[in-house]
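An overview of the molecular structure
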Amino acid sequence: MRQRIQPTANESVSVRRILAIALPALLLLTGCSGAATTAASSSAASVPDSHAADLASVKVTAGANGAAPTVDFDKPLPVTAESMRVVSEGSGDTVTDGQMISLRFVALNGDDGTTLGDNYSEPAAQSYIADEQFKAQYPLVYDTFVGAKVGSSIAYAIPGTPASGGSTADPSADPSASADPSASADPSADANPSAEPSTPATPSQLVIYTIEAAKAAPKLLSQDEANKLDSDGSLPAVTFDDKGAPAVTIPKKDAPSDLVAKVLTEGTGDVVTASDTISANYTGWQWSDGAKFDSSYDSGAPVEFPLSNVIAGWTQGLTGQKVGSKVLLVIPSVLAYGDSASNAASGKPSGALVFVVEIVSKK
């Protein structure tokens with residue numbers, strides 16, 4: 001449960017990372033669970049070669065009535081490294097740094113063209129913020145998206161991997177040469193503890209992204225702005241039981257489009273920074289149905305974690321708060337776990353989220 005707000009920050013740049021948020025049900029493409037973290041890179045990321053020529057054969061035909069596009073390409077796809085290419089340019093506005101981009105995509109087996117999955121059937125596209133953190137983690141993807149136009153179709157591919165591991169036995173040896181009919185039938189006698197398990201080969205993988213929209217990313221509202229939303233009945237009402245555990249009543253309206261960090265009770269301790277490790281009590285709910293999905297109060301003890309290694313809404317919303325404060329967070333999906341309907345299968349909430357957080361300590 002707790003790892004839901006503590007995603008792994010160190011992952012390799014590949015389609016597995018890009019799809020980890022957007023399509024966790026595709027196990028072939030997903031290397032980890034995935035909300036993006038907000039740990040800033042201390043140095044500028046270099047942009048690798050796009051290897052666009054490897055994707056020259058890729059052709060995309062738009063689907064009818066919002067369906068996934070048809071994708072044609074030479075099979076097997078001749079990719080030898082992470083590759084990216086704008087296949088067709090859209091006619092919309094140009095994507096700029098810092099914007100929130102909404103993407104539709106279809107993923108395919110690069111060897112035979114079979115479809116691995118897509119998000120065209122979901123009610124909302126998957127969104128990402130093209131900021132410095134995104135640039136540091138995905139330099140080639142950032143460099144391709146920023147400057148592209150809304151409506152563009154973009155191909156992204158990674159090469160397959162060969163089979164590895166398995167038995168270390170010499171295939172040329174005569175299996176009967178050393179057979180001893182009097183030997184014990186102990187199955188562990190011939191076991192080679194140093195032999196690695198066999199890993200099957202994987203095909204190359206191709207994803208076609210279509211930029212559906214680009215707009216200003218959510219901002220952190222001021223306390224005055226948060227209080228105005230509260231007075232308008234646009235924020236959850238918070239109550240606490242006699243043990244201090246919170247409960248919320250979520251209004252029957254759309255969640256705020258910006259990040260809300262409303263101070264319920266201000267503490268008197270030190271100010272929290274984005275690089276601090278904090279100890280906190282919290283409970284989280286989905287805005288859409290009010291379902292509670294995680295709570296430290298269930299275990300009876302606060303949880304400790306680096307604030308640089310949690311979902312972006314936590315890092316942005318709790319930075320600048322004081323130890324001892326109780327804070328209501330209302331987090332847009334792009335700063336949490338996204339809107340994917342497949343989140344439930346991997347145990348993650350989706351859509352806008354609500355948290356009540358008590359900052360117990362920092363170090």
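Residues numbered from 1 in each chain as written. Predicted model: local features only at pLDDT ≥ 70, side-chain atom pairs only at ≥ 80, totals over all residues. Heavy atoms only, no water.

**Here we look at the overall build of the chain**
Secondary structure summary: the chain contains five helices and 16 strands in total. The buried share among the 363 residues of the chain stands at 43%. Across the chain, every contact between residues at least 6 apart in sequence was considered, and the portion connecting residues at least 24 apart equals 77%. Accessible area for the chain stands at about 17300 Å²; split by element, carbon and sulfur atoms hold 51% of it. (Helix = DSSP H or I, 4+ residues; strand = E, 2+ residues; numbered from the N terminus. Buried < 20%, exposed > 50% of the residue type's maximum accessible area, 1.4 Å probe, protein only. Contact = heavy atoms within 4.5 Å. Areas by Shrake-Rupley, 256 points an atom, 1.4 Å probe, with all protein chains shown as cover.)

**Details of unusual backbone geometry**
Note: most residues except glycine have negative phi, and most peptide bonds are trans. Residue proline 76 follows lysine 75 across a cis peptide bond; omega there is -5°. Topologically, proline 76 is positioned in the loop between strand 2 (70-72) and strand 3 (83-88). Even without being glycine, histidine 51 reaches a positive phi, approximately 50°. Mapped onto the elements, histidine 51 comes out in the loop between helix 1 (15-22) and strand 1 (59-61). Positive phi, close to 55°, is recorded for asparagine 65, a residue that is not glycine. With respect to the element layout, asparagine 65 can be found in the loop between strand 1 and strand 2.

**A short note on the side chain of serine 57**
In this fold, serine 57 is placed in the loop between helix 1 and strand 1. A relative accessible area of 17% places serine 57 in the buried class. A polar contact of 3.0 Å, which involves the side chain of serine 57, links it to the backbone nitrogen of aspartate 74. (Polar contact = N/O pair within 3.5 Å; in protein donor to acceptor, adjacent residues only side chain to side chain.)

**Looking at the side chain of serine 83**
Residue position: serine 83 is located in strand 3. Taking relative accessible area as the criterion, serine 83 reaches 0% and is therefore assigned buried. At 2.7 Å, the side chain of serine 83 forms a polar contact with the backbone oxygen of alanine 81. Ignoring any residue separated from it by four or fewer positions in sequence, one finds serine 83 in contact with Ser50, His51, Asp54, Leu55, Ala155, Tyr156 and Ala157.

**Here we look at the environment of tyrosine 209**
With respect to the helices and strands, tyrosine 209 occurs in strand 8 (residues 205-216). Residue tyrosine 209 is classed as buried on the basis of its relative accessible area, which comes to 1%. Tyrosine 209 sits 107 residues away from serine 102 along the chain, and the two C-alpha atoms are 9.7 Å apart.

**Considering the pairing of strand 7 (residues 153-158)**
Judged by how many residues are buried, strand 7 sits mostly within the fold: six of six residues are covered. Residues Ser153, Ala155 and Ala157 point to one face of strand 7 and Ile154, Tyr156 and Ile158 to the other, with burial holding for every one of them. Here five bridges tie strand 3 to strand 7, and the two strands are oriented antiparallel to one another. Note that in strand 7 the partner of arginine 85 across the bridge is alanine 155. Here strand 7 pairs with strand 8 via six bridges, running antiparallel. Looking at the pairing, alanine 157 lines up with leucine 206 of strand 8. (Pairing = 2+ DSSP bridges.)

**Digging into the nonpolar core**
Of all hydrophobic cores here, the largest spans 29 residues; its most connected members are Phe305, Trp314, Leu318, Leu329, Ile331, Phe355 and Val357. When residues of this core are traced back to their parent elements, those giving at least two are strand 12 (277-286), strand 14 (303-306), helix 5 (312-318), strand 15 (326-331) and strand 16 (353-362). Residues Ile101, Ala130, Phe134 and Val141 belong to the second largest nonpolar core, which totals 22 residues. (Core = buried A, V, L, I, M, F, W, Y, C linked by side-chain atoms within 4.5 Å.)

**Overview of the environment of serine 88**
Note that serine 88 resides in strand 3. Linking serine 88 and lysine 59, residues 29 residues apart in sequence, is a C-alpha distance of 8.5 Å. Once residues lying within four places of it in the same chain are set aside, the contact partners of serine 88 are Ser152 and Ser153.

**What to know about the pattern of salt bridges**
What the rule picks out here adds up to eight salt bridges. Between arginine 104 and glutamate 212 there is a salt bridge, with its nearest N and O atoms 3.0 Å apart. Residue arginine 104 is found in strand 4 (residues 99-109), and its partner glutamate 212 is found in strand 8; the two are separated by 108 residues along the sequence. We classify glutamate 212 as partly exposed; its relative accessible area is 41%. With its nearest N and O atoms 2.8 Å apart, the salt bridge here joins aspartate 276 to lysine 362. Separated by 86 residues along the polypeptide, aspartate 276 in the loop between strand 11 (260-265) and strand 12 and lysine 362 in strand 16 bring together distant segments of the chain. The partly exposed category is assigned to lysine 362, whose relative accessible area is 28%. (Salt bridge = Lys/Arg side-chain N within 4 Å of Asp/Glu carboxyl O.)

**Examining the confidence of the model for the chain**
Looking at the chain as a whole, its pLDDT mean stands at 82, while 78% of the residues score no less than 70. In this model, residues 1-43 is a region of pLDDT below 50 whose contacts with residues beyond four sequence positions or in other chains number 132 contacts. Across residues 167-191, where pLDDT falls below 50, the model places two contacts with residues more than four positions away in sequence or in other chains. (pLDDT = per-residue confidence, 0-100.)

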